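Listed below, chain by chain, are the residues.
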Amino acid sequence: MTDQAFVKVVLVTGGSSGIGEAICKRLAAEGHRVYGTGRKVDRQPHGYRLVAMDITDTASVQRGVEHVVGEAGRIDVVVNNAGVGIQGPAEDIAPELALEVLNTNLIGAHRVCQAVLPGMRDRRRGLVIHITSLAANYGLPFRGFYSASKAALERYAEAQRMELAPFGVHVVTLQPGEYRTGIAAARARPASIGPHYADAYDRVMRVLDGSLHYSRDPDEVAVKVSRLIHRSSPYGVHFAAHGVQRLSVVLKKVLPSRLFERLMMRHYR
Ligand SMILES: NC(=O)c1ccc[n+]([C@@H]2O[C@H](COP(=O)([O-])OP(=O)(O)OC[C@H]3O[C@@H](n4cnc5c(N)ncnc54)[C@H](OP(=O)(O)O)[C@@H]3O)[C@@H](O)[C@H]2O)c1
């Protein structure tokens, strides 16, 4: 029988595919009570529940959270995982498209926090895990708005951590490297690419969408989430990344910018 003190009620946004689905499956297999979310819910997976929620819609977020609290009585852990990618030269991206990405990746997480935090503060316990990205550490060429959205979420989380500490609510971020999910295929992109960027853009995208990137099992991220949940006092920024991807974060800190950016462009050559 599962120890009741061990069992957490966990809400994972974007539990319908990719990293979120892997997190839901792993935590459910460990005995936690898990709720994933997706914009359309037309099936119920084995072991956890999927709840309809569009994180760009405040009323939908509120309804989804109320549903979970109505059924499970509380939310102990929220994993802000739902997110979208975007690619294209920054100059060619319409402000409206950029806003859509920020509305999901940053304000979407904020909407979920606004719905979940009152319960956590009242109970004086809780854990918020924001899934950001290694891309939060540097501007990726032709994915600038993705980097910007994840860097913004990192800073949001940092401030939130200090604000929520007195209430016993922990806030951490988890930065994945590249994992095998639907995110690359679903990236938002501009209607057209200007001729001045076309060659460089095509080259970078060919490398990025090649076999070296996005090859790892998203369950590796789920393992990290599981470890965070079981820590007594989770804190700070965590990574799910390997090899040159993990090294890039260290290099960004220690190398002069000019050299780091030259290395980055050489990687995509
Ligand atoms: N895969 C990687 O290499 C990688 C690397 C670093 C960070 N990440 C981050 O990991 C997170 C998960 O991405 P993934 O790779 O697993 O991509 P994915 O397979 O495309 O999954 C994205 C998830 O987000 C949900 N979602 C998107 N927009 C939403 C919205 N408006 N409201 C509610 N849910 C929404 C999707 O649900 P529905 O479409 O069913 O609504 C889906 O479950 C993202 O935040 C991403 O930025 C991924």
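Residues numbered from 1 in each chain as written. Predicted model: local features only at pLDDT ≥ 70, side-chain atom pairs only at ≥ 80, totals over all residues. Heavy atoms only, no water.

## A short note on the packing of aromatic side chains
At step 1: Counted by the stated rule, this structure contains 3 aromatic pairs.
At step 2: Look at Tyr138 and Phe260: their rings are 5.5 Å apart centre to centre, the planes differ by 40 degrees, and that puts the pair in the tilted class. Here Phe260 lies in helix α8 (residues 257–267) and Tyr138 lies in the loop between β5 (126–131) and α4 (144–164), a separation of 122 residues in the sequence. With respect to class, Tyr138 is no different from Phe260; both count as buried.
At step 3: With centroids separated by 6.5 Å and ring planes inclined at 80 degrees, the aromatic side chains of Phe142 and Tyr197 adopt a geometry described as edge-to-face. Residue Phe142 is located in the loop between β5 and α4, and its partner Tyr197 is located in helix α5 (residues 195–208); the two are separated by 55 residues in the primary sequence.
At step 4: Judged by relative accessible area, which is 25%, Tyr197 ranks as partly exposed.
At step 5: Here the guanidinium or amino end of Arg161 rests over the ring plane of Tyr235, the centre of that ring lying 5.1 Å away.
At step 6: A cation over a ring is seen here: Arg246 above Phe239, with NZ or CZ 3.9 Å from the ring centre. (Phe/Tyr/Trp six-rings, centres within 6.5 Å; stacked < 30°, edge-to-face > 60°. Helix = DSSP H or I, 4+ residues; strand = E, 2+ residues; numbered from the N terminus. Buried < 20%, exposed > 50% of the residue type's maximum accessible area, 1.4 Å probe, protein only. Lys NZ or Arg CZ within 6 Å of the ring centre and 35° of its normal.)

## Points about empty space enclosed by the protein
At step 1: Per the stated rule, a full pass over the model turns up 1 cavity of 30 Å³ or more.
At step 2: Its volume calculated, the largest cavity comes out at about 40 Å³.
At step 3: Looking at the largest cavity, the residues that line it are Thr13, Ile55, Asn80, Asn81, Ala82, Thr104, Asn105, Ala109, Ile131 and Leu153.
At step 4: In terms of residue class, the lining of the largest cavity is made up of 5 nonpolar, 5 polar and no charged. (1 Å grid on protein atoms, 1.4 Å probe; cavity = no way out; pocket = protein on both sides within 12 Å on 5 of 7 lines; lining within 4 Å. Points joined across faces, edges and corners; volume = space filled by probe spheres on them. Nonpolar A, V, L, I, M, F, W, Y, C, P; charged D, E, K, R; others polar.)

## As for the pattern of salt bridges
At step 1: Applying the stated criterion across every chain, the model contains 8 salt bridges.
At step 2: The closest approach of N and O atoms between Arg187 and Asp209, which form a salt bridge, is 3.4 Å. Linking Arg187 in the loop between β6 (169–176) and α5 with Asp209 in the loop between α5 and α6 (219–230), this pair joins segments that are 22 residues apart in sequence.
At step 3: On the basis of relative accessible area, Asp209 is assigned to the partly exposed category, the value being 45%.
At step 4: Salt bridges sharing common partners tie together Arg26, Glu30 and Asp219. (Salt bridge = Lys/Arg side-chain N within 4 Å of Asp/Glu carboxyl O.)

## Quick notes on a nonpolar patch on the surface
At step 1: A surface patch of nonpolar side chains, about 350 Å² in accessible area, is lined by Val244, Leu247, Val250 and Val254.
At step 2: Among the structural elements, Val250 can be located in helix α7 (residues 243–254). (Patch = residues over 30% accessible without salt bridge, like charges linked within 9 Å, V, L, I, M, F, W, Y side chains within 5 Å. Areas by Shrake-Rupley, 256 points an atom, 1.4 Å probe, with all protein chains shown as cover.)

## Observations regarding the site of the ligand
At step 1: Around the ligand, the structure places 29 residues, and the nearest of them are Ser16, Asn81, Tyr146, Tyr179 and Thr181.
At step 2: Asn81 is positioned with one of its backbone polar atoms (N or O) 2.7 Å from an oxygen atom of the ligand.
At step 3: In this structure, Thr181 approaches the ligand through a side-chain N or O atom, which is 2.5 Å from an oxygen atom.
At step 4: The protein chains hide 91% of the 880 Å² of surface that the ligand would expose on its own. (Near = heavy atom within 4 Å. Polar contact = N/O pair within 3.5 Å; in protein donor to acceptor, adjacent residues only side chain to side chain.)

## Digging into a positive patch on the surface
At step 1: A cluster of like positive charges, contributed by Arg203, Arg206, Arg258, Arg262, Arg266 and Arg269, occupies part of the molecular surface.
At step 2: Within the secondary structure layout, Arg269 lies in the segment after α8. (Lys, Arg positive; Asp, Glu negative; His and termini not counted. Charge placed at Lys NZ, Arg CZ, Asp CG, Glu CD.)

## Some remarks on unusual backbone geometry
At step 1: Backbone geometry at Arg124 places phi at a positive 55 degrees, although glycine is not the residue there.
At step 2: As for its position among the elements, Arg124 is in the loop between α3 (95–123) and β5.
At step 3: A positive phi angle, close to 65 degrees, is found at Phe142, a residue other than glycine.
At step 4: By relative accessible area, Phe142 is classed as buried at 13%.

## Some details on the sheet that holds strand β1 (residues 9–12)
Within a sheet, adjacent strands bond to each other through the backbone by hydrogen bonds, running parallel or antiparallel.
At step 1: Spatially, the 7 strands line up as an open sheet ordered β3-β2-β1-β4-β5-β6-β7, and their pairing is parallel. The open sheet has two edge strands with one neighbour each: β3 (49–52) and β7 (236–240). Taking each pair of neighbouring strands and ignoring which way they run, the sheet shows an average axis angle of 20 degrees.
At step 2: Sheet topology places β1 next to strand β2 (residues 33–38); 4 bridges connect them, and they run parallel. Among the inter-strand pairings, Val10 is bridged to a residue of β2, identified as Val34.
At step 3: On the sheet, α4 packs against β5, β6 and β7 and is oriented at approximately 160 degrees with respect to β6. (Pairing = 2+ DSSP bridges. Axes fitted to C-alpha atoms, helices over the stretch in contact; angles between N-to-C directions. Contact = heavy atoms within 4.5 Å.)

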